[in-house]
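The primary structure of each chain is shown beneath.
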Amino acid sequence: MNKHHESTGPADEQQITLRGPAELADALPYLMGFYPNDSVVMVALHGGRGRFGGRLRLGIPQSPQEWPSTAEQLAECLVKGSERRGERPDAIVIFLCQDPADGEIPGQVMERLRPLAQRLRTACGALDVPVLEALCISDGRYWSYCCPDPRCCPAEGKSLSLPGTSVMAAAATYAGIQVRGSLREMEARLMPLKTPSVADQPQALDAAGAALVPRILDEEGRKEVARETLVLARALMKRLREAPTTAPSAADIQDDSLISHDEAAAVILGLQDRETRDKAAEWMEGPEAESALRLWRALSRRCVGPYGEHAAAPLTLTGWVAWSTGDEPGARVALGLAMQADPEYTFAQLLHQACNQGLDPETLRRCLRGERSDRTGRSTHRTERSAAPRAVRPRAVTRKRAQPGSVRPGTRVARRRARGESRADGRGGTKSGRQP
C-alpha cells in the first residue's frame, strides 16, 4: 500500500489525516460535495502532509481516442491553475468513477479505464508533478492503480465503507458539511424536461425567436428587448418568491408550473444577449439570489428539443449564483452542464475555472455591483437633466448602426433563423469574434 497522509486544510486549521486508498475513496464525496458519476476527478496536494488544493471534474470521454488529449488538458489545467494562485502542486490524486454498463462487472470497468489512468499519470509526470494515488470507484467498490500490494488492494477490489461511517464522514458531520447526493441527481434538476407538459415549449421558442431576433438586430430594438427581458424575469422571480413553500422534492415541479411556455421562451431568448445576461447576473446575493437561482434552474429545464444549446445562458447564471452564495458543488455541476450545452461559452468557462481554482467570487460580485451603481447613477443623472428646462433644438437625423457586441446579420443567428432555430448569440470571444 502507498503510505501517505492527506490533510483537509491548512496547518492552522483542524486537520483530518487520511491514510491509504480506502480513506481516500471514502473522502471523495465530501471533497466534491456529491457522489461523482461517470467522472474523472483530479485533486491537487500541497506541502509535505498533502493538503488538498484545487480540484477538477470532467465527464469520462466515451471514446478512448479522446483520452490522451483529455489527460494532457486536465493535467495542465490543474497544475497551471494552481501555479497562478501561487501554489504549484506537490502531488495529485486521481479518481475514475463509473458504474458498470449493461452486462459489465465492476472489475471490467476498472480494467477498461486502466489506459485512461495511465494517460493521466503520464500527463502529470510530464509536468513534473507525481500522481500519489489513482483510484477507480465502481458500484460500491474501489481499486488502486498505484498500489502493487494485493493484501490491501486485491485484484477483486474492496468495498467502500458504509455511507456516514468513515473518518471523513464524521469530520464532515461535525463541520456541518453535507453530501448533496449523486452527480446524476444534481444534473437531473437542470436537464431539459421530458414530461408531456413541455410538448409545446419548442413552438413557443420558435415564436419568440421569430418575434425577438429581428428586434435584437436593431440597436434600439435590442435595448427594448433587454429591458423587457429583465422586467419579465423580475416578475417571474417575484412570482416564485411569493408562491407557497413546498417540500424540496416538489419545489422544481411547482416552479415549472408557475412559468408559462411563452414567458420561459421570452426570457430564454432574451438572455442570449450578452449584456442582458450580465445585468441578470447582478441578482447574485441577498433576497434576490434565491428566487433568481430558482428561475435560472427552471429556464434551464425549458431548453428542450433543438434549443438545448440555449441552456448555456441560464445554466451559467445558475452556476454563478450558486457559487456567489457559497454552493461550490452546485456551481461546478451547473457550469459543467453549461459547457456541455455550448463548449465555446466563455462566461461559463471562466467561472468554472475560477470556481475550480478556489478563487473568491467577491471580486466579480464587486465588479457587478459597480456596474449596477454606475448604471443607476447615469440613469439618475439623465432624469435630473430631463427635468430641467432647455431650449428646443432641431432633431438631427441619425443613422442606426449595430452596437458593438450586438447580434449581426450573417452570423449563426441568421443561419439558425433559416432553420427555425432563431437565437441571439450571447457567447464568448473566440477566433470568430463572438462576444464574451
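In what follows, the structure referred to is the one given above.
Let me sum up the structure you'll find in this document. (Residues numbered from 1 in each chain as written. Predicted model: local features only at pLDDT ≥ 70, side-chain atom pairs only at ≥ 80, totals over all residues. Heavy atoms only, no water.)

### What about the overall build of the protein chain?
Selection criterion: For the purposes of this entry, the term helix denotes a DSSP run of H or I that reaches at least four residues, the term strand denotes a run of E that reaches at least two, and both are numbered from the N terminus. The classification of residues rests on relative accessible area computed with a 1.4 Å probe and restricted to protein chains. Under 20% of the type maximum is buried, over 50% is exposed, and intermediate values are partly exposed. Contacts: residue pairs with any heavy atoms within 4.5 Å of one another. The accessible surface values rely on the Shrake-Rupley method and a 1.4 Å probe; as for residues, cover is taken only from the protein chains in view.
Looking only at helices and strands, the protein chain features 16 helices and 8 strands. Relative to its full complement of 436 residues, the protein chain shows a buried share of 49%. For the protein chain, long-range pairs separated by at least 24 residues make up 68% of all intrachain contacts whose partners lie at least 6 apart in sequence. Total accessible area on the protein chain is roughly 21700 Å²; 53% of this is exposed by carbon and sulfur atoms.

### Considerations on the pairing of strand E3 (residues 39-46)
Heads up, the rule is: Any two strands are treated as partners once DSSP identifies two or more bridges connecting them.
Of all 8 residues that make up E3, 8 are buried, and the element is covered over most of its length. Burial along E3 is two-sided: the face carrying Ser39, Val41, Val43 and Leu45 and the face carrying Val40, Met42, Ala44 and His46 are both buried. Sheet topology note: the E3/strand E4 (residues 51-59) ladder contains 7 bridges and is antiparallel. Residue His46 lies in a different strand from E4, and its bridge partner there is Arg51. Once E3 ends, the chain turns through 4 residues before running back antiparallel as E4, passing Gly47 with a positive phi of about 80°.

### Structural notes on the side chain of Thr276
As for its placement among the helices and strands, Thr276 is situated in helix H10 (residues 274-280). For Thr276, the contacting residues outside a window of four places in its chain are Ala226, Thr229, Leu230 and Gly270.

### Some details on the packing of helix H7 (residues 219-242) against helix H11 (residues 287-301)
Cut-off, in case you're wondering: Here an angle of 0 to 180 degrees is reported between the N-to-C directions of two axes, which are lines fitted to C-alpha atoms, with helices fitted over the stretch in contact. By the definition adopted for this analysis, an angle is roughly parallel if under 35 degrees, roughly antiparallel if over 145, roughly perpendicular if from 65 to 115, and oblique otherwise. Classes in brief: Ala, Val, Leu, Ile, Met, Phe, Trp, Tyr, Cys and Pro nonpolar; Asp, Glu, Lys and Arg charged; the others, Gly included, polar.
Two elements in contact, H7 and H11, have axes whose closest approach is 9 Å; the angle formed by their N-to-C orientations is 105°. Relative to H11, H7 is oriented roughly perpendicular. Contact residues: H7 offers Ala233, Arg234, Leu236, Met237, Leu240 and Arg241, while H11 offers Glu288, Ser291, Ala292, Arg294 and Leu295. Per-class residue counts for the contact of H7 with H11 are 6 nonpolar, 1 polar and 4 charged.

### Brief notes about the sheet that holds E4
As summarised here, the arrangement of the 6 strands in space is E4-E3-E5-E6-E7-E8, forming an open sheet in which the pairing is mixed. Edge positions in the sheet fall to E4 and strand E8 (158-159), since each has one partner strand and no second. Pairing analysis gives 7 bridges linking E3 to strand E5 (residues 91-97), with the strands arranged antiparallel. What sits directly across from Ser39, in E5, is Cys97.

### Some details on the pairing of E5
Rule in force here: Handedness of a crossover is defined as follows: orient the strands so they point away from the viewer, and if the path from the first strand over the helix to the second runs clockwise, the crossover is right-handed.
Of all 7 residues making up E5, 7 are buried, and the element is well covered by its neighbours. Alignment of E5 against strand E6 (residues 131-138), held across 6 bridges, turns out to be parallel. Across the sheet, residue Leu96 finds its bridge partner in E6, namely Cys136. Note that the unit made of E5, helix H3 (residues 106-126) and E6 has a crossover that is right-handed.

### Some points on the pattern of salt bridges
As a reminder, the rule being used: A carboxyl oxygen of Asp or Glu within 4 Å of a side-chain nitrogen of Lys or Arg is what we treat as a salt bridge.
Inspection of every chain in the model, using the stated rule, returns 28 salt bridges. For Glu288, the salt bridge goes to Arg234, with nearest N and O atoms at 2.9 Å. With Glu288 in helix H11 and Arg234 in helix H7, this residue pair connects regions lying 54 residues apart in the sequence. Overall, the relative accessible area of 18% leaves Glu288 in the buried class. Among the residues examined, Arg234 registers a relative accessible area of 40% and is labelled partly exposed. Residue Glu285 is joined to Arg369 by a salt bridge in which the shortest nitrogen-to-oxygen separation is 2.7 Å.

### Comments concerning the packing of H11 against helix H12 (residues 312-324)
The line we're drawing: Two helices crossing with the near one rotated counterclockwise from the far one by less than a right angle form a left-handed crossing, whereas a clockwise rotation gives a right-handed crossing.
Remark: H11 packs on H12, axes separated minimally by 8 Å, with the N-to-C direction vectors making an angle of 150°. By the angle between their directions, the pair H11 and H12 is classed as roughly antiparallel. When you trace H11 past H12, the crossing you get is left-handed. Side by side, H11 and H12 meet where Ala289, Leu293, Trp296, Arg297, Leu299 and Ser300 of the first sit next to Pro314, Leu315, Leu317, Thr318, Val321 and Ala322 of the second. A class-by-class count of the residues in the contact of H11 with H12 yields 9 nonpolar, 2 polar and 1 charged.

### Thoughts on the nonpolar core
Cut-off, in case you're wondering: For this analysis, a nonpolar core means a set of buried residues of the types Ala, Val, Leu, Ile, Met, Phe, Trp, Tyr and Cys, connected via side-chain atoms within 4.5 Å.
Phe95, Leu271, Trp283, Leu295, Trp296, Leu299 and Trp320 are the most contacted members of the largest nonpolar core, which has 73 residues in total. Tallying contributions element by element places H12 first for this core, with 8 residues. Those residues in contact with Trp283, other than ones at most four positions away along the chain, are Leu230, Ala233, Arg234, Met237, Glu288, Ala289, Ala292, Trp296, Val321 and Arg372.

### A word on the packing of aromatic side chains
As a reminder of what qualifies: Only Phe, Tyr and Trp rings are paired, with Trp represented by its six-membered ring, and only when their centres lie within 6.5 Å; those with planes under 30 degrees apart are stacked, over 60 edge-to-face, the remainder tilted.
Under the criterion given, the structure shown has 2 aromatic pairs. A ring pair is formed by Trp283 and Trp296, whose centres lie 6.0 Å apart and whose planes are at 5°; its orientation type is stacked. Taken together, the residues span a long stretch of sequence, with Trp283 in the loop between H10 and H11 and Trp296 in helix H11 at a distance of 13 residues. Accessibility expressed as a relative area gives 3% for Trp283, which makes it buried.

### Side note on helix H13 (residues 328-341)
Selection rule: Every helix has an expected span of 1.5 Å times one less than the residues it contains. As used in this structure description, the phrase polar contact means that two N or O atoms lie within 3.5 Å; if the pair is within protein, one of them must be able to donate a hydrogen and the other to accept it, and residues adjacent in sequence are counted only when both atoms belong to side chains.
Here H13 spans 20 Å end to end across 14 residues, near enough to the 20 Å set by a 1.5 Å rise per residue. Structurally, the start of H13 carries an N-cap: the backbone nitrogen of Gly330 is 3.0 Å from a side-chain oxygen of Asp327.

### Examining the environment of Gln349
Here Gln349 is to be found in helix H14 (residues 346-356). Given a relative accessible area of 31%, Gln349 falls into the partly exposed group. On a C-alpha basis, the gap between Gln349 and Ala338 in space is 8.7 Å, while along the polypeptide they are 11 residues apart. From its side chain, Gln349 meets the backbone oxygen of Pro343 in a polar contact 2.6 Å long.

Any link to function would need more than the numbers given here.
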